Amino acid sequence: MLEYILGYLQTVRGFHFYYCPSEYFEFAILEGDYFRAIENRKPIVVEQTFNISAPLLWNAITDQGEMIRWYFDNIPAFEPRVGFKTQFNVVSNGRDFLHVWEVTEVIPGKNFTCSWNYRDYPGEGEVAFEISEDGDQTRLTVTMVGIETFPRDIPEFKRERCREGWNYFIKNRLKEYLQQ
């Protein structure tokens, strides 16, 4: 009966796969009387369309002087260049979160990707910023993977908190900054 609720997909090597979307995984395997989650790196995706040109949006998300006006005001430096590294601290609920970024991919004017970790906590994520033009508008897509690699017992690393944070920065702070 549970098979029909979850949506049976297929059998591979004797395992029955079921679609069961959740916060951390999308599929499960039936093993005897129990379901075992198949963890995947389900991304957090935030999209926002702006009424500005792609070059102006590119500058807003890659120029340190502009980033500190809508993102974190203590980013000491940033360059959209593969291999560039920076770090800055954010305090939340009395805990330090020393952000450590390294730019891993860049297509100038189009996208860049950073690895993202914290000095005092295990785990590593990756965040990609992608710009696409659609007529007079420009869309920014931010995709983060790896939140599940960070400690789950720390509220700031909860998937929903991460999604809320990206929505706040992209859909509120960056949008307000670009409308000035």
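If you're wondering where the values come from, they're calculated on a predicted model, not measured in any experiment.

Draft legend 1. Inspection of the pairing of strand S7 (residues 95-107) at higher detail. In terms of strand pairing, strand S6 (residues 85-92) meets S7 through eight bridges, oriented antiparallel. Bridging across to S7, Lys-85 finds its partner in Glu-102. The hairpin formed by S6 and S7 contains two residues between the paired strands, and Asn-93 there has a positive phi angle of roughly 50 degrees. Alignment of S7 against strand S8 (residues 111-118), held across eight bridges, turns out to be antiparallel. Considered in S8, the bridge of Trp-101 is made with Trp-116. Hairpin connection between S7 and S8: a loop of three residues separates the two successive antiparallel strands, and Gly-109 in this loop has a positive phi of roughly 80 degrees.

Draft legend 2. Region of the structure containing the pairing of strand S9 (residues 121-134). Strand direction decides the pairing type here: S8 and S9, joined by seven bridges, are antiparallel. Bridging from a neighbouring strand, Thr-113 pairs with Ala-128 of S9. Here S9 runs beside strand S10 (residues 137-145); their pairing, made up of nine bridges, is antiparallel. Each residue of the ladder has a partner; that of Glu-126, found in S10, is Val-145.

Draft legend 3. The pattern of salt bridges, seen in detail. In the structure shown here, the tally under the stated rule is five salt bridges. Arg-139 is the partner of Glu-47 in a salt bridge, and the nearest nitrogen-oxygen pair spans 3.6 Å. Of this pair, Glu-47 sits in strand S5 (residues 44-50) while Arg-139 sits in strand S10; the two residues are 92 residues apart in sequence, bridging distant segments of the chain. Judged by relative accessible area, Glu-47 falls into the partly exposed class, the value being 38%. For Glu-156, the salt bridge goes to Arg-95, with nearest N and O atoms at 2.8 Å. With Glu-156 in the loop between S10 and helix H4 (159-179) and Arg-95 in strand S7, this residue pair connects regions lying 61 residues apart in the sequence.

The rules behind the values
- Residues numbered from 1 in each chain as written.
- Predicted model: local features only at pLDDT ≥ 70, side-chain atom pairs only at ≥ 80, totals over all residues.
- Heavy atoms only, no water.
- Pairing = 2+ DSSP bridges.
- Helix = DSSP H or I, 4+ residues; strand = E, 2+ residues; numbered from the N terminus.
- Salt bridge = Lys/Arg side-chain N within 4 Å of Asp/Glu carboxyl O.
- Buried < 20%, exposed > 50% of the residue type's maximum accessible area, 1.4 Å probe, protein only.

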